[in-house]
Amino acid sequence: MVQLWAGIDAGKAHHHCVVIDADGNRLLSQRVPNDEPALLQLLAGVLELADGDKVVWATDLNHGGPALLIALLVGHGQNILYIPGRTVHHASKIYRGDGKTDAKDAAVIADQARMRTDLQPLRAGDEISTGLRLLTARRADKSADRVRAINRLQAQLLEYFPALERAFDYSRSKAALLLLTKHRTPDGIRRASQARIHAWLKKHGARSSTAVAAAAVEAAKSQHTIVPAQHMGEGIAAALAREILTLDEELANLDALISEKVTEHQHTEVLLSMPGFGPVLAAEFLGATGGDLTVFQSADRFAGVVGLAPAPRDSGRISGNHHRPRRYDRRLLRVFYLSGLSALKSCPSSRGYYDRKRAEGKSHIQAMLSLARRRLNVLWPMLRDGTTYNPPSAATTTMAA
């Protein structure tokens, strides 16, 4: 029998722990530094209060600040539940008082763990999946930095050389970015001439150097007016171009590292056999799930976590009104959505299912979400049984379509 519940309001430098008994009486309320000796002392104190009975711990964060605490609790065989911060926020409204303190939040977490039976147990991910979560998070940050830098570059070019901004897709053309590091003004490009620009780009290993040089000269010929502060704008454009090139190199290195590390996980072979899954998406999947699907208990519950199980919004005589759930893991939904998009190009059965849903009148997004749920239903037993994907025969695919 569980006798005590310990709620942890997690923070960066400190955590607050509140322990309650089966009647909701508060037995301990303590602010604890996020250091191993203090956390071990807290663990010993709570176990002493329990006097041999079972303790259930609960926290509102599953990584980041409480990572050390979670590792210590798992290492000592403690049972940990995860209560999302949004749930704690809404639950706190039913408790007395309008104030918000760490102690109150910790008490709410402990009381919710005592009353609710639908909370997910929290498990520390294995070494590989935790490392993949860190790497994919780093990659997401760098990708976002790259998008912002490209947007700033295009905005800067519009300030003094709009024709050159229109000439290239700077998110795809490395040669265009190289061009901006040396030639980036209308008069400067005209003076350099197409032949010299082509030779310089070719020397630096740029693809399509001929086409890029011709497009740049054509843009330069269309503008002979020098706008105010052009010399300031071109300096900023050059710096942004160099920043994007550096980010491209960092992303390439991260992709190589992710591709190497993901092969070390036991589920990688199964994931990569599924059409649409590459090393990066497989790493994001493993990082988001911790590499262990048993915590989700069933494919239907996993679909609810991913956001692929519609939630009913029935009232009175209105029934069958289903919507996407408000709370779901957006990282996992992104993985299934992007892998489904990729599978449309390489998997006939996925393409046939998508086309059938479009023929039924569903929009593109609705059809993609239906495909993502179908792929989740296929992937679940594959990971459970450790079997790779076996594509259906051509006859079966034709009949399904």
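Look up a bit, the structure's there.
Residues numbered from 1 in each chain as written. Predicted model: local features only at pLDDT ≥ 70, side-chain atom pairs only at ≥ 80, totals over all residues. Heavy atoms only, no water.

Peer 1: So what's going on with helix 15 (residues 330–346)? Which residues, and what values?
Peer 2: End to end, helix 15 covers 25 Å across 17 residues, agreeing with the expected 24 Å (1.5 Å per residue, within 8%). Between the side-chain oxygen of the N-cap and the backbone nitrogen of Arg-331 there are 3.0 Å, and the N-cap of helix 15 in question is Asp-329. (Helix = DSSP H or I, 4+ residues; strand = E, 2+ residues; numbered from the N terminus. Expected span 1.5 Å × (residues − 1). Polar contact = N/O pair within 3.5 Å; in protein donor to acceptor, adjacent residues only side chain to side chain.)

Peer 1: A description of the packing of helix 1 (residues 36–50) against helix 2 (residues 67–75) should follow, citing residues and the corresponding values.
Peer 2: Remark: helix 1 packs on helix 2, axes separated minimally by 10 Å, with the N-to-C direction vectors making an angle of 45°. Classified by the angle between their axes, helix 1 and helix 2 sit oblique to one another. Relative to helix 2, helix 1 is oriented so that their crossing is right-handed. Contacts between helix 1 and helix 2 pair Glu-36, Leu-39, Leu-40 and Leu-43 from the former with Leu-68, Leu-69, Leu-72 and Leu-73 from the latter. Here the contact of helix 1 with helix 2 is composed, by residue class, of seven nonpolar, no polar and one charged. (Axes fitted to C-alpha atoms, helices over the stretch in contact; angles between N-to-C directions. Parallel < 35°, antiparallel > 145°, perpendicular 65-115°, else oblique. Left-handed = near helix turned anticlockwise from the far one by under 90°. Contact = heavy atoms within 4.5 Å. Nonpolar A, V, L, I, M, F, W, Y, C, P; charged D, E, K, R; others polar.)

Peer 1: How would you explain the side chain of Gln-156 if you had to name every residue and give the values?
Peer 2: With respect to the element layout, Gln-156 can be found in helix 5 (residues 127–160). With residues up to four places along the chain from it excluded, the contact list for Gln-156 reads Gly-233, Ile-236 and Ala-237.

Peer 1: Kindly report on the environment of Ser-143, identifying the contributing residues and their values.
Peer 2: Relative to the helices and strands, Ser-143 resides in helix 5. Note on Ser-143: relative accessible area 25%, which makes it partly exposed. (Buried < 20%, exposed > 50% of the residue type's maximum accessible area, 1.4 Å probe, protein only.)

Peer 1: Account for the nonpolar core, naming residues and giving values.
Peer 2: Counting residues in hydrophobic clusters, the biggest one holds 38 residues, and the most contacted among them are Phe-285, Phe-302, Leu-308 and Phe-336. Counting residues per element, the ones that place at least two in this core are helix 5, helix 11 (230–262), helix 12 (268–273), helix 13 (279–289), helix 14 (299–306), helix 15 and helix 17 (364–385). Once residues within four sequence positions are removed from consideration, Leu-308 is found in contact with Ala-303, Leu-333, Phe-336, Leu-369, Ala-372, Arg-373 and Leu-376. Ranked by size, the runner-up nonpolar core spans 33 residues in total, among them Phe-161, Leu-179, Leu-180 and Leu-240. (Core = buried A, V, L, I, M, F, W, Y, C linked by side-chain atoms within 4.5 Å.)

Peer 1: Tell me about the side chain of Asp-60, and name the residues and values.
Peer 2: Looking at where Asp-60 falls in the secondary structure, it is placed in the loop between strand 4 (54–59) and helix 2. It turns out Asp-60 is buried and unbridged, and the closest side chain with the opposite charge, Lys-100, is 7.5 Å from it. Of note is the side chain of Asp-60, whose polar atom sits 3.3 Å from the backbone nitrogen of Ala-10. When neighbours within four sequence positions are excluded, Asp-60 is seen to be in contact with Ile-8, Asp-9, Ala-10, Tyr-82, Ile-83, Pro-84, Gly-85, Val-88 and Ile-109. (Lys, Arg positive; Asp, Glu negative; His and termini not counted. Salt bridge = Lys/Arg side-chain N within 4 Å of Asp/Glu carboxyl O.)

Peer 1: Talk me through the environment of His-364; I want residue IDs and the actual numbers.
Peer 2: Structurally, His-364 can be placed in helix 17. Excluding anything up to four places from it in sequence, His-364 contacts Tyr-337, Leu-341, Tyr-354 and Arg-358.

Peer 1: Give a detailed account of the pairing of strand 5 (residues 79–82), specifying residues and quantitative values.
Peer 2: Relative to strand 5, strand 4 runs parallel, the two sharing four bridges. Residue Thr-59 lies in a different strand from strand 5, and its bridge partner there is Tyr-82. The β-α-β motif built from strand 4, the intervening helix 2 and the parallel element strand 5 has right-handed crossover chirality. Sheet topology places strand 5 next to strand 6 (residues 120–121); two bridges connect them, and they run antiparallel. Looking across to strand 6, one finds that Tyr-82 is bridged to Gln-120. (Pairing = 2+ DSSP bridges. Right-handed = clockwise from strand over helix to strand, strands pointing away.)

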